[in-house]
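# Structural description and commentary
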Amino acid sequence: MTRAVVILILALVGCSGDFGGPPPADVTAVAQSPTSVLVEWRPVMADTLHRVYFSTSEADLGSEFRAAPATETSLVFDNLSPFTTYFFFVRSFQPILGESRSSEIVSVTTPPGPLQAAFGLNVAGSSPTSLTIAWQSNDPVVDAFRVLIRGPTDQDFSLAATVSSDVFQAEITGLEIVTSYDFQVVSVRGNTTVESPVFTTATDRPEGVGIIQVHPLRGEVNPAVPFPVTLRGWGFTIATPTVFFGDRMATNVIVVDDRTLSCIAPDGAAGPVPIRVVVDGLEGTAPAPFRYVASTGSDLSVALAEDAIVSFDDRIGTTTVAAVFIVRDVVGRPVRANDVRTRLFVTTEDGEQELGVSNAFNESLLNEDAEELAQSVYLFLTLDASFSLVTQFQPEQFTPMLSQARALLQSGVDIWGNDFEDGKLGEFRSNVAWFRELIETARGGIRPNQVTSIPIPIAGNETKLNAAVSYQLQTSVAARNEGLVTGPLDRHIVVLFTDGQDTLSWFSNDDETFPDGMLNDRTPTHRFGWQRTTLEDLFTQIANHPLYPENLEVFTVFLGDEELDTTELEQLAQVGLGRFFQEDNDVVRLFDRLAVEITERLSRGARIAIEPGEYQFRVGVERISTGDTADLAFCFRVTENDAMAIACPLDPP
């Protein structure tokens, strides 16, 4: 009898499994965090244990479980993987009878964890002007990656590229050769971002000699004033370069560094010519030809002051075409805007049509205050405050200089302030500094009417001329990094007014502290020293300025003994793509000429609904007072989704 009972017990234990009982009901699974899920159920049998089966695959569900005591109706699953789908079902369990039938299967996906930074930044490819940056990411949910870049003169990072979440590299083009850059990759998920560590690398140094950029790319056939041109490339310091515009040699070649040189363009015949640089038997050619624009034979000439504006609005299919230009008389002086009348033309398959007149384009002209024509100016006025300006002129010219500086600043306020005069829209900012053995500025800036409160110099003629220009260039870079006056047509203009003598810029006193000064109106001023600065240092600062060469100009105005050597001032203006002014100790006339040079830029343009094709845009200019005429023309291409300036197949008219 005892033996039979033992056999019966073994049989009952051995039938562990599905005993056919009803499964738990109302099973739910809710993710509580990226690594935990709460599973709940309603028991249908009293005093039973429960087993919760789970898996990341529905096909594998049923092999792994976690147990819950009879008193519990829920179970928390910890240590799970973020952003992963889990499947669950629940069974009742009794030690003797085994498991009930399975409940319905429920599933839940855990949310992603905190956004993870990209890592492992490296260079996947490089050239003298491009870098391909690659990275890795373990984050399962990224909407996009943004690549940020910071150049050697940049204070902050800027956006270089954006790629989708399944792309782990980006090519960054248009870089300077042999230049170090900082990169960061920003992972983006919704409104959340996280930055990678900073990765620093440099572009390659190519062999030989080459040209990457020429600015500007067009000039007059017979310019009335020297026409400076800047070349950016490599290999310029092996020996003294020779620059050819076609078969004619440029003059005044100045090597700024091995990547930048400046020259004066020679006269040329109308049409395109290649630009070549020859250095010690090695030769480089510019990627695009330089175009000479023919004179009309009158005493008037017109030339682009900025690259042509051509853009496409893909929302409505219109093309914006505009020109910013300067009209000059026979000796190279800008013609005032109120003495100029302009007409705009576009050449199509049907011939040349005047904008604003032809039926096809009678609504196309941009208003002179249109946003596309906006030009803001940041003027960095640098005044010589040495005693020689008082002693070498009869009568003294320091006071007239201040008066004219005030007028120049006021004209900027009048033109660029809140009034849209002469077709100019934008803002005017200024920074005024004056120098002797120290540099001095008004704390909080200086208004036009305060310029005449600068105290008259005391005896002594030591000046820190180069250092003062260096300070203004550095201030310009800081303003640019703050985003001040940095639109595509905006200009930073450094103007130096001096007698040309510099006896102290070789001396460094930037680590010294000096007492503040004061204007005659009691406004406090800041007096400070500067590091040692040579002319070559200024060249380097100009070449490395983030707005150079397109949006930075340096003007030098000489007021001194005509027997003094002005070569350095002329070279400074040449490298800075500005103008050098000199005229027999006449402060008023010099400042008047400078004011006209800075302010008399004309902006004209149109917004055209035009089909894909290649066209020519022409600005016809007439000087009202004399009747002289001149033309400016450039070509552009329109596609179904873009528009751009191109080289003209024929010489402009």
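Whatever comes next refers back to the structure up there.
Here's a quick rundown of the structure. This is a predicted model, so every value here is computed, not measured. (Residues numbered from 1 in each chain as written. Predicted model: local features only at pLDDT ≥ 70, side-chain atom pairs only at ≥ 80, totals over all residues. Heavy atoms only, no water.)

## What to know about the overall build of the protein chain
For the protein chain, the count of helices and strands is 7 helices and 44 strands. The buried share of the protein chain, taken over its 653 residues, is 51%. Contacts in the protein chain between residues at least 24 apart in sequence constitute 68% of all its contacts with a sequence separation of at least 6. Carbon and sulfur atoms provide 48% of the accessible area of the protein chain, an area that totals close to 29800 Å². (Helix = DSSP H or I, 4+ residues; strand = E, 2+ residues; numbered from the N terminus. Buried < 20%, exposed > 50% of the residue type's maximum accessible area, 1.4 Å probe, protein only. Contact = heavy atoms within 4.5 Å. Areas by Shrake-Rupley, 256 points an atom, 1.4 Å probe, with all protein chains shown as cover.)

## Details of the packing of helix 3 (residues 398-416) against helix 7 (residues 587-599)
Contact geometry of helix 3 with helix 7 gives a least axis separation of 9 Å together with a crossing angle of 20 degrees. Relative to helix 7, helix 3 is oriented roughly parallel. The way helix 3 lies across helix 7 gives a crossing that is right-handed. Where helix 3 approaches helix 7, its residues P400, M401, Q404, A405, L408, S411, I415 and W416 are matched on the opposing element by V587, V588, F591, L594, A595, I598 and T599. A class-by-class count of the residues in the contact of helix 3 with helix 7 yields 12 nonpolar, 3 polar and no charged. (Axes fitted to C-alpha atoms, helices over the stretch in contact; angles between N-to-C directions. Parallel < 35°, antiparallel > 145°, perpendicular 65-115°, else oblique. Left-handed = near helix turned anticlockwise from the far one by under 90°. Nonpolar A, V, L, I, M, F, W, Y, C, P; charged D, E, K, R; others polar.)

## As for the pairing of strand 34 (residues 428-435)
With respect to burial, strand 34 is a largely interior element, 6 of its 8 residues being buried. Pairing geometry for strand 33 (residues 377-384) and strand 34, over 8 bridges, is parallel. In the sheet register, L383 faces strand 34, and the bridge partner there is W434. One ladder, built from 2 bridges, connects strand 34 with strand 35 (residues 439-442); its direction is antiparallel. Paired with F435 across the two strands is I439, which belongs to strand 35. (Pairing = 2+ DSSP bridges.)

## Describing the nonpolar core
Counting residues in hydrophobic clusters, the biggest one holds 37 residues, and the most contacted among them are L383 and F591. If you list the elements that add at least two residues to this core, you get strand 33, helix 2 (388-391), helix 3, strand 34, strand 36 (491-498), strand 39 (552-558) and helix 7. Sort the elements by how many residues they give to this core and helix 3 lands first, with 8 residues. Leave out the neighbours within four places in its chain, and F591 touches L381, L383, M401, Q404, A405, L408 and F497. (Core = buried A, V, L, I, M, F, W, Y, C linked by side-chain atoms within 4.5 Å.)

## Focus: helix 6 (residues 567-575)
Those residues of helix 6 that fall on the buried side of the exposure criterion are L569, L572, A573, Q574 and V575. Looking one or two residues beyond helix 6, the residue adopting positive phi is L577, at roughly 55 degrees.

## Structural notes on the sheet that holds strand 22 (residues 251-257)
The strand order 17-19-23-22 describes an open sheet built from 4 strands, whose pairing is antiparallel. At either margin of the open sheet sits one strand with a lone partner, and together these are strand 17 (210-215) and strand 22. Taken over all neighbouring pairs, the strand axes of this sheet differ in orientation by 25 degrees on average, direction set aside. Each of strand 19 (228-234), strand 22 and strand 23 (260-264) is contacted by helix 6, which is oriented at about 70 degrees to strand 22, the strand it contacts most.

## Regarding the sheet that holds strand 2 (residues 36-42)
Strands belonging to one sheet form pairs held by backbone hydrogen bonds; the direction of such a pair is parallel or antiparallel. In spatial order, the strands read 1-2-5; together these 3 strands make up an open sheet with antiparallel pairing. Each edge of the sheet is formed by a strand with only one pairing partner; in this case those strands are strand 1 (25-33) and strand 5 (74-77). Between one strand and the next, the sheet's axes are offset by a mean angle of 15 degrees, whatever the strand orientation. With 4 bridges joining them, strand 2 and strand 5 adopt antiparallel strand pairing. Paired with V39 across the bridge in strand 5 is L75.

## Things to note about the pairing of strand 35
The two faces of strand 35 match: I439 and T441 on one face and E440 and A442 on the other face are all buried. Following strand 34, the chain reverses through 3 residues before pairing antiparallel with strand 35. Relative to strand 38 (residues 524-528), strand 35 runs antiparallel, the two sharing 4 bridges. Looking across to strand 38, one finds that E440 is bridged to R527.

## Focus: the pattern of salt bridges
Counted under the stated rule, the structure contains 25 salt bridges. We note a salt bridge from D182 to R150, for which the minimum N-O separation is 2.9 Å. Residue D182 is found in strand 14 (residues 180-189), and its partner R150 is found in strand 11 (residues 144-150); the two are separated by 32 residues along the sequence. Two residues, R333 and D329, come together in a salt bridge whose shortest N-O distance is 2.9 Å. (Salt bridge = Lys/Arg side-chain N within 4 Å of Asp/Glu carboxyl O.)

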